[in-house]
Each structure stands twice: as structure tokens, then as C-alpha cells.
Amino acid sequence: MMHPEQEVLLGVEESAATPAIESSGGKSDGPAVILRGLHKSFGSQIVLDGIDLTLKNGETLAVLGRSGTGKSVLLKLIIGLQKSDSGSICIHGREINRLHLDAMNEIRKKMGFLFQQAALYDSLTVEQNVAFPLKRHIKMTESEQGDRVKELLAAVGMEGDLKKMPSDLSGGMQKRVGLARALALEPGILLLDEPTAGLDPITAGEIDELILKLQEEHDVASIVVTHDLHSAKTIADRLALLYEGKVLIEGSFQELEKSDDAFVSEFLQRDS
Amino acid sequence: MSHDARIRHRWISPAAGQALLPMSSTLTSVWILINRLLEWFGDLGLFAWQVMRAAVRRPFEGRELIRQLDEIGSKSLPLVALAGAAIGAVLSLESRSSLVRFGAKSMLPAALVYSIIRETGPIVTGLVVSGRVGAGIGAELGSMKVTEQIDAIEASGVNPFKFLAFTRIVACILMLPLLTLAADFCAVVFGWIAETLVEPVSFLRFINKGFLGASFSDFVAPTLRTAVFGLIIGMIGCFQGMRTQGGTAGVGFSATSSVVLSSLFVILADVVLVKFILVFFS
């Protein structure tokens, strides 16, 4: 059986010499992300069955749906952690499905990913976690790096916990640090996998406010996978509801509320 | 009734058919086992290819390599030294009684040194390190895999095959020969201590007699063959860790399988390498 890492690495390769993404945060004039006819199955289980979505620059799209509808898989396909069976994924105009690993890594540097459980490196301190991408991708002195880490942690309200280990942090604090790490390389696209899952309503609200603040300050395009309808309503410009591997409906919260579809109505009522 | 079924019906009585059922299920089990084994070797080959490809690309992760050299080398030193000392003392005591019986007591230092540097030191080091380091790598990478830390490394544009696997494998390859030297040294010293407690002999005389018949090739080839043990331990530990599935049970399985498989392959490699060394270096 092949693993996701191997799948990506063994994919048919495009030349590594393809032009790098220009401008800050990898932004271009076109949409940030375009998904067309995306299919993904695990064995006989079809998870995504022809997803079509577009994310504009600076926009926040919330992806909703029942558990197991492939929301997290969708994010992993976009960042290349898993490979789609068919369909196209364009990041700032570049098709990633056939990219060479080095070229894919260049694109990944322009994207930030907040994992569901934050996925902080448990052998590193908070400071080292946030410094991890900086150390590897940006040439800067130790003091510049230290200042940048402090700035990022201050933005998420964690500047006082530099030397703590991830195991010493609560779930909400871990997500804040994860968010700071995701923003370290000033990404043009932010992928957030259930940023408020497992948090109490107050902490969830704080995380929402933090995401809104960061979106205003950094002007990033974000895809937020969530079950939390209140959170989606607060932070998203547009929502997409997945059902049976397809986008059932897409639009603003008001547009979703007006839908006659029985599943959409039930989903909104159950969650509200 | 199909043609095959008609044939079975004609030639195999119901009782014989019942008797053949367990055999058929055994054959199926064996077939599944062979398939899994081939699949494992195939995946290991792919993994090794990914690591080799990652190894030749910049950046070379020097800091992480140094950290792993410390983690795998320095921190294994006390255990390896202790194992070497114990083996040296036991070999000395056991060999003494046997050699006395054959009137060859004076051969004790040479027998001890020769057996330690040729076989006992390398294999004991290989097995001790496969226990400590193999389990450590399997559990650490397994835990990182199930908590999505490896995905996080990859998502931040860093190649996990290089950052996690290559550094550990190289550290194992470089550290095993050095740890073997430490084990050899402790074994010889404690062999002398055990001998001198029974019949006092100076350390210099013991060493002189011990190394009298030994040549440089007796020493170099067996010590360097532990670099192959290091490759096996590092490769299997990383491979088992990075393919972990499931939760804590999966991590436990990765740690255990890393130790079992790396120990098994170290022993098998020892057999092959001993023959190789005998042919080319003796």
C-alpha cells in the first residue's frame, strides 16, 4: 500500500524549472484556488465525487458538511499531502497535480495550513515551532528570526509562552501557535481545518476573532473547513456545503438560508 | 452445476472435500502472507528510493544531523558500554574454565580479544542499538505520523524523507562503528578485570598477549560492517515509523516491529557479512 507522501512524490512530474510564483504571498490576478472535477476515493469508498470550487484572492470560503464527507481530504489535496484520482487543482494559476516535488514545495511555502489538532512538533518549544518554516525558507539572522517569531506569537496572543512545550498548552493555545506557524511565511492562501473544533464557545469565539483580525491585516485567501456554523457565519464571505462528495450549494449564508433543499435546511437548522 | 463443480462432485467425495478445506485455507493464508511480505519489501524499496533522492538535494539539514548524532550516538553510549563490559567479563570467566580444561589458559587474552573484535563486539552493539534506537525511531516517527506532525513538516515545504529519515539513517551509519569501538574497549577492559581478579596480570601484558595474533584487517572490517547494521536499523526504524497507521496501538506496533525486524535483519546481515569478510579480508 502506498502512503500519501509517497503518492505525492511518485506522481508524474512536471519540470522543476517551471516559473516561480511572483509577488508577495504568491498572489496573482486570477483566483487563488480553482478546483475542477476533483475526485478522490479510498478503496471502494468515494469521498469526493467531482468537486468544483473557486476561491478568489482575499476571500474566505467556509466548507461545511457532515463528518466523513471529505472536507479535510479536500484541504490535503489542495496542499498536495494527498493526490487526487482525477480533476484539476490550480493554485494561483498553476496546476499542482503534475508538479515536481521542488516546485510543489515552492507553492507550499505560499500556503499556510492549520491542522485540526494543530500538529505542533512536540519535541520543539513554541518558539522553535513557529521558527521552523522561517529557519528553512528565509535567510535572516538569529535576532531577526527571534523578532519575527515574537511578532507572530504576539499577533495570536501567545508572546508570553515562547519557551513552553506543546504538551504544556491547552487545545486553544495550541491552535493559536499553529496559526502563528501557518502565518510565518506570510502565505497568500490559508487552509484551516476545523479551527474551533473541540474548543469551548468562548475560546472558539476568540479564535474566530483572531482569524478575522489576521485576514484584515494579511489579506489572505482562506478555506476554512468547519462544523461550526456560527463560526462559518462570522468569518466566511462564502459557504460551500458538501453532500455525497459534491458541492450541494455554494453562496453567502443568506443564500443558503433561502435554499429549498431539504438537506440544506436540515443542516442549517440542526447546527443553529 | 458448473463444469468444475461437476468434476469435484465426481472425483472428490464429500468427506474428502471436508478434509481438503483446512488445506485450502492454509494455502490461502500462506499466499496472503507471501503477498504481504512482497508488498512490505516493495514499499521498503520505494521508501529507500525516496530517501536517496531526497539526500542529494539541498538543504542538507546539518543541524538536524548533528542532533541525531547526539541522540543516537551519545545517548546510546552508556548502554552499549555496559553491554560490552558485561559481555567481556562473562566471556573471560567462561573462556577461562574451558581453556584451563584443555591446558590452553595462556591463550585466554588472545581468544578474548579476537572473539570480541571479530564478532561479539559488533553483534552485541548492533542488537543493543537496534533495541534502543530502533524502538525510539519507530515510536517517535509513528507518533509524529498519527498526530499529523509529518504532514505539517511536508505542508511547510520541507521534505520529511530528508529531514526525518535521511538524518536518522546517516546518524545510525556513522555512529554504529564508533559505538562498536566503545563496546570493544569496555569488553576488553572488563575481560581483563575479570581475569585479573582470578589470576592477577598487568593490563599491558594482557593487551600485548591479546593483540599478538590480531592484524589490522581483523579489526577494521568487522567494525566497519556495523555501518551496515546502522543502515538497517535506521532504514527499518524510519520506514516502520513513517508508515504508522491508527492511533496509539499503531505507534506501539511500529516501535515493536522496528525492534523485531531490525534485530532480525542485523543477525541475517551478520551471517552474510561474516562470510563476505572471510572471503575478501582474510
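Procedures and definitions
Residues numbered from 1 in each chain as written. Chains lettered and ligands numbered in written order. Predicted model: local features only at pLDDT ≥ 70, side-chain atom pairs only at ≥ 80, totals over all residues. Helix = DSSP H or I, 4+ residues; strand = E, 2+ residues; numbered from the N terminus. Rg over C-alpha atoms; globule rule 2.2 N^0.38 Å. Buried ≥ 20, exposed ≤ 12 C-beta atoms within 10 Å, placed from the backbone. Contact = placed C-beta atoms within 7 Å. Pairing = 2+ DSSP bridges. Right-handed = clockwise from strand over helix to strand, strands pointing away. Nonpolar A, V, L, I, M, F, W, Y, C, P; charged D, E, K, R; others polar. Domains from an automatic or database assignment. Axes fitted to C-alpha atoms, helices over the stretch in contact; angles between N-to-C directions. Parallel < 35°, antiparallel > 145°, perpendicular 65-115°, else oblique. Left-handed = near helix turned anticlockwise from the far one by under 90°. Core = buried A, V, L, I, M, F, W, Y, C linked by C-beta atoms within 7 Å. pLDDT = per-residue confidence, 0-100.

**Some details on the overall build of chain B**
Turning to step 1, where the next piece is worked out: For chain B, the helix and strand inventory stands at ten helices and zero strands.
Turning to step 2, where the next piece is worked out: Computed over C-alpha atoms, the radius of gyration of chain B comes to 25 Å, more than 25% over the 19 Å expected from 2.2 N^0.38 for 282 residues, which places it beyond the range of a compact globule.
Turning to step 3, where the next piece is worked out: By principal-axis analysis of the C-alpha atoms, chain B measures approximately 90 × 60 × 35 Å.
Turning to step 4, where the next piece is worked out: Looking at chain B as a whole, 44% of its 282 residues are labelled buried.
Turning to step 5, where the next piece is worked out: Pairs at least 24 apart in sequence give 88% of the contacts found in chain B among residues at least 6 apart.

**Quick word on the overall build of chain A**
Turning to step 1, where the next piece is worked out: Counting its secondary structure elements, chain A contains ten helices and ten strands.
Turning to step 2, where the next piece is worked out: Per-residue burial over chain A gives 44% buried out of 272 residues.
Turning to step 3, where the next piece is worked out: For chain A, contacts bridging at least 24 residues in sequence account for 70% of all contacts bridging at least 6.

**Observations concerning the pairing of strand β8 (residues 221-225) of chain A**
Remark: a regular strand shows side chains that alternate across the two faces of the sheet.
Residues and elements named next belong to chain A.
Turning to step 1, where the next piece is worked out: Of all five residues in β8, five are buried; the element is thus mostly enclosed.
Turning to step 2, where the next piece is worked out: The side-chain alternation of β8 yields two buried faces, one formed by Ala221, Ile223 and Val225 and the other by Ser222 and Val224.
Turning to step 3, where the next piece is worked out: Here four bridges tie strand β3 (residues 60-65) to β8, and the two strands are oriented parallel to one another. Bridge pairing links Thr60 to Ser222 in β8.
Turning to step 4, where the next piece is worked out: The parallel pair strand β7 (residues 189-193) and β8, bridged by helix α7 (residues 201-218), forms a crossover whose chirality is right-handed.

**Remarks on the interface of chain A and chain B**
Turning to step 1, where the next piece is worked out: Of the residues lining the interface, 19 residues belong to chain A; the matching set on chain B comes to 15 residues.
Turning to step 2, where the next piece is worked out: Where the side of chain A that touches chain B is concerned, the elements lending two or more residues are α1 (4-10), α3 (101-108) and α4 (126-137) of chain A.
Turning to step 3, where the next piece is worked out: Counting residues per element, the side of chain A that touches chain B draws most heavily on α4 of chain A, at four residues.
Turning to step 4, where the next piece is worked out: Classifying every residue of the side of chain A that touches chain B by side-chain character gives ten nonpolar, five polar and four charged.

**Let's talk about the domain arrangement of chain B**
Residues and elements named next belong to chain B.
Turning to step 1, where the next piece is worked out: Once the domains are mapped, chain B shows domain 1 (1-56) and domain 2 (62-281).
Turning to step 2, where the next piece is worked out: On a C-alpha basis, the centres of domain 1 and domain 2 stand 37 Å from each other.
Turning to step 3, where the next piece is worked out: With eight residues of domain 1 in contact, the opposing surface of domain 2 contributes nine residues.
Turning to step 4, where the next piece is worked out: For the side of domain 1 that touches domain 2, the per-class residue count stands at six nonpolar, one polar and one charged.

**Regarding the pairing of strand β6 (residues 111-114) of chain A**
Residue and element names in this part refer to chain A.
Turning to step 1, where the next piece is worked out: The alternating pattern of β6 places Met111 and Phe113 and Gly112 and Leu114 on opposite faces, both of which are buried.
Turning to step 2, where the next piece is worked out: Pairing geometry for β6 and β7, over four bridges, is parallel. Residue pairing across strands places Met111 opposite Ile189, the latter belonging to β7.

**Here's the deal with the sheet that holds β7 of chain A**
Residue and element names in this part refer to chain A.
Turning to step 1, where the next piece is worked out: Taking strand neighbours across the sheet as the criterion, the six strands line up as β6-β7-β8-β3-β9-β10 in an open arrangement whose pairing is mixed. The open sheet terminates on both sides in strands that have one partner only, identified here as β6 and β10 (246-251). Along the sheet, successive strands turn relative to each other by an average axial angle of 15°, direction set aside.
Turning to step 2, where the next piece is worked out: With five bridges joining them, β3 and strand β9 (residues 238-243) adopt parallel strand pairing. Considered in β9, the bridge of Ala62 is made with Leu239.
Turning to step 3, where the next piece is worked out: Against the sheet, helix α6 (residues 171-182) touches β6 and β7, its axis set at about 170° to β6.

**Considerations on the environment of Asn208 of chain B**
Residues and elements named next belong to chain B.
Turning to step 1, where the next piece is worked out: Looking at the secondary structure, you find Asn208 in helix α8 (residues 203-210).
Turning to step 2, where the next piece is worked out: A count of 11 C-beta atoms within 10 Å places Asn208 in the exposed class.
Turning to step 3, where the next piece is worked out: Sequence separation of Asn208 and Pro109 is 99 residues, and the distance between their C-alpha atoms is 8.6 Å.

**A few points about the packing of helix α4 (residues 77-101) of chain B against helix α7 (residues 160-198) of chain B**
Residues and elements named next belong to chain B.
Turning to step 1, where the next piece is worked out: Where α4 meets α7, the closest approach of the two axes is 7 Å, and the angle between their N-to-C directions is 40°. For the element pair α4 / α7, the angle class is oblique. Two packed elements cross with a definite hand, and for α4 against α7 that hand is right-handed.
Turning to step 2, where the next piece is worked out: A class-by-class count of the residues in the contact of α4 with α7 yields 20 nonpolar, four polar and three charged.

**As for the nonpolar core**
Turning to step 1, where the next piece is worked out: Counting residues in hydrophobic clusters, the biggest one holds 136 residues, and the most contacted among them are Val63, Ala180 and Leu191 of chain A.
Turning to step 2, where the next piece is worked out: The leading source of residues in this core is α7 of chain B, at 20 residues.

**Quick notes on the confidence of the model for chain A**
Turning to step 1, where the next piece is worked out: For chain A, mean pLDDT is 84; residues scoring 70 or higher make up 88% of the total.
Turning to step 2, where the next piece is worked out: Every residue in residues 1-26 of chain A is under pLDDT 50, and counting partners more than four places away or in other chains gives 45 contacts.

**Observations concerning the packing of α4 of chain A against helix α5 (residues 142-155) of chain A**
Residue and element names in this part refer to chain A.
Turning to step 1, where the next piece is worked out: Packing of α4 against α5 leaves a shortest axis separation of 10 Å and a crossing angle of 120°. Taken together, the axes of α4 and α5 are oblique relative to one another. Read as a crossing pair, α4 and α5 show a hand that is right-handed. On the side of α4, the interface is formed by Glu127, Val130, Ala131, Leu134 and Lys135, while α5 contributes Gln145, Arg148, Val149, Leu152 and Leu153.

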